[in-house]
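Remarks on the overall topology
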Amino acid sequence: MSVCPAEYWIWMQSSLGAGARTDEILAYFETPEELYNAGSKEWRLSGLLTQKKIEALKSTTPSQTGEIINECRQKGYSIITPDMPEFPNRLKNLSDMPLVLYGIGDCSVLNDNVSIGMVGTRNASSYGIEIAQKLSFSLASSGATIVSGGALGIDSEAHAGAMLAKGRTLAFLGCGLSVNYLKENAPLRRAITRYGAVVSEYSPFTSASRTTFPTRNRLISGVSLGIVVVEAGVKSGSLITANRALSQGRDVFAVPGDIVRSSFDGTNHLIKNGAKPVFTADDILSEYEYLYGDLIDLSKAKVNISSIPYVDYRKKNKTQSTPPKAPAEKENEVKRAEVPVKAIERKTLPEDMSEEAKIVYSVLNEAGVHIDDIVRETNLKMNVVLSSLTELELLDFVQLESGKKYKIM
């Protein structure tokens, strides 16, 4: 595909809209730049564009995309177009291929080979929430990248499970990156950018609407080898994603649910109609061992998810308490970094937060403590410290600074 300036890709997508079929248009005109230069007469003669689309293309010009490009530069967003190596190969074959992707974080995650989509209802049951996080943890521990939509419920637990396993994760939003949608999920989105990327095909200022999410869903399934539906009713948007996955030639998996709860009617219906039931990560990843055996650890995938601890990272204790100190027997070994810091009022930790996370939190300050110093001061193993920091970060208790330093918030 010929290289084309980003302004033309943004112009074409803004004019025709996200999710528009553009495969025949690009096959005829080759690039958005050639489309623009051809003009309205050639657009009509091609027979590929309705009068409404022609009027939309005429209403703006590539030079009017400056506000979008400036916003991306100021906020550090990547602009990824189909003629760039960063663009996901699996999306290039879609008839409704996105013409622009805006991303923040490590956008190389878009081309991870073993990507598994995980979707489900926002109003998830405690069972669905626990299964989503544990299954995601197991998949990520085994080498998979978890793809979801960054929403509440199943989406959030899917991303959290991957990060708790120190794996990679990718969130496709149904709005622009600069729109403060779902404020309560802001810490989660910030954390995702450290373990992967948050991506949208909508320009930074585009608000969420009832149409943006179904359009977005094709990207979750499009970059994935298969889609796992954890909990969904018969009219759930997750079933739209499952249907898109099937139309794209992707696999569909479903977690069996309670047959007397309507929130599982959709998942049970999928299984009844041929979706593979899922009990462990191995049920999913074994399907791809012949393709990516060198990237998958099936021994970890076979672990029963009941043995994986669940982290309730959203539960906050409203009463004030004193953060716990490191174990007494190790107190003399703890040597705090000699950094002058002013006293601040620490946030209250949830009572049911892991003991390791409480210990890690107790050695942090607002100036920042290097990861190596945290390991030394707590006498915990590096993987335990990293997992604890993720747990704290998801609750917005800590923040990663430059130089691998973590500070309290």
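Preceding this section is the structure that the text describes.
Structural notes, computed from the coordinates. (Residues numbered from 1 in each chain as written. Predicted model: local features only at pLDDT ≥ 70, side-chain atom pairs only at ≥ 80, totals over all residues. Heavy atoms only, no water.)

1. Section: the sheet that holds strand 5 (residues 169-172)
Strand pairing in a sheet relies on backbone hydrogen bonds, with the paired strands running either antiparallel or parallel. One open sheet accounts for 9 strands, arranged 1-2-6-5-4-3-7-8-9; its pairing is mixed. The two strands at the open ends of the sheet, each matched to only one other strand, are strand 1 (78-80) and strand 9 (276-277). One ladder, built from 4 bridges, connects strand 3 (residues 115-119) with strand 7 (residues 226-229); its direction is parallel. Note that in strand 7 the partner of Met 118 across the bridge is Val 228. (Pairing = 2+ DSSP bridges. Helix = DSSP H or I, 4+ residues; strand = E, 2+ residues; numbered from the N terminus.)

2. What about the packing of aromatic side chains?
Per the stated rule, a full pass over the model turns up 7 aromatic pairs. Centre to centre, the rings of Trp 11 and Tyr 36 are 5.2 Å apart; their planes meet at 80°, and the pair counts as edge-to-face. Here Trp 11 is found in helix 1 (residues 6-16), whereas its partner Tyr 36 is found in helix 3 (residues 32-46), with 25 residues between them in sequence. The class of Trp 11 is buried, set by a relative accessible area of 1%. The exposure class of Tyr 36 is partly exposed, given its relative accessible area of 30%. Ring centres of Trp 11 and Trp 43 lie 6.4 Å apart, and the angle between their planes is 35°; this geometry places the pair in the tilted category. Placement of Trp 11 in helix 1 and of Trp 43 in helix 3 is noted, with a sequence separation of 32 residues between them. Taken together, the aromatic side chains of Tyr 8, Trp 11, Tyr 36 and Trp 43 make up a single cluster linked through ring pairs. (Phe/Tyr/Trp six-rings, centres within 6.5 Å; stacked < 30°, edge-to-face > 60°. Buried < 20%, exposed > 50% of the residue type's maximum accessible area, 1.4 Å probe, protein only.)

3. Side note on the nonpolar core
In terms of nonpolar packing, the biggest core is built from 67 residues, with Leu 35, Leu 170 and Phe 172 touching the most fellow members. Per-element tally for this core: the top contributor is helix 1, with 6 residues. Setting aside its immediate chain neighbours within four residues, Phe 172 contacts Leu 110, Val 147, Ser 148, Gly 149, Val 199, Arg 216, Leu 219, Ile 220 and Val 223. Membership of the second largest hydrophobic core comes to 31 residues, among which are Val 114, Leu 139, Val 230 and Tyr 288. (Core = buried A, V, L, I, M, F, W, Y, C linked by side-chain atoms within 4.5 Å. Contact = heavy atoms within 4.5 Å.)

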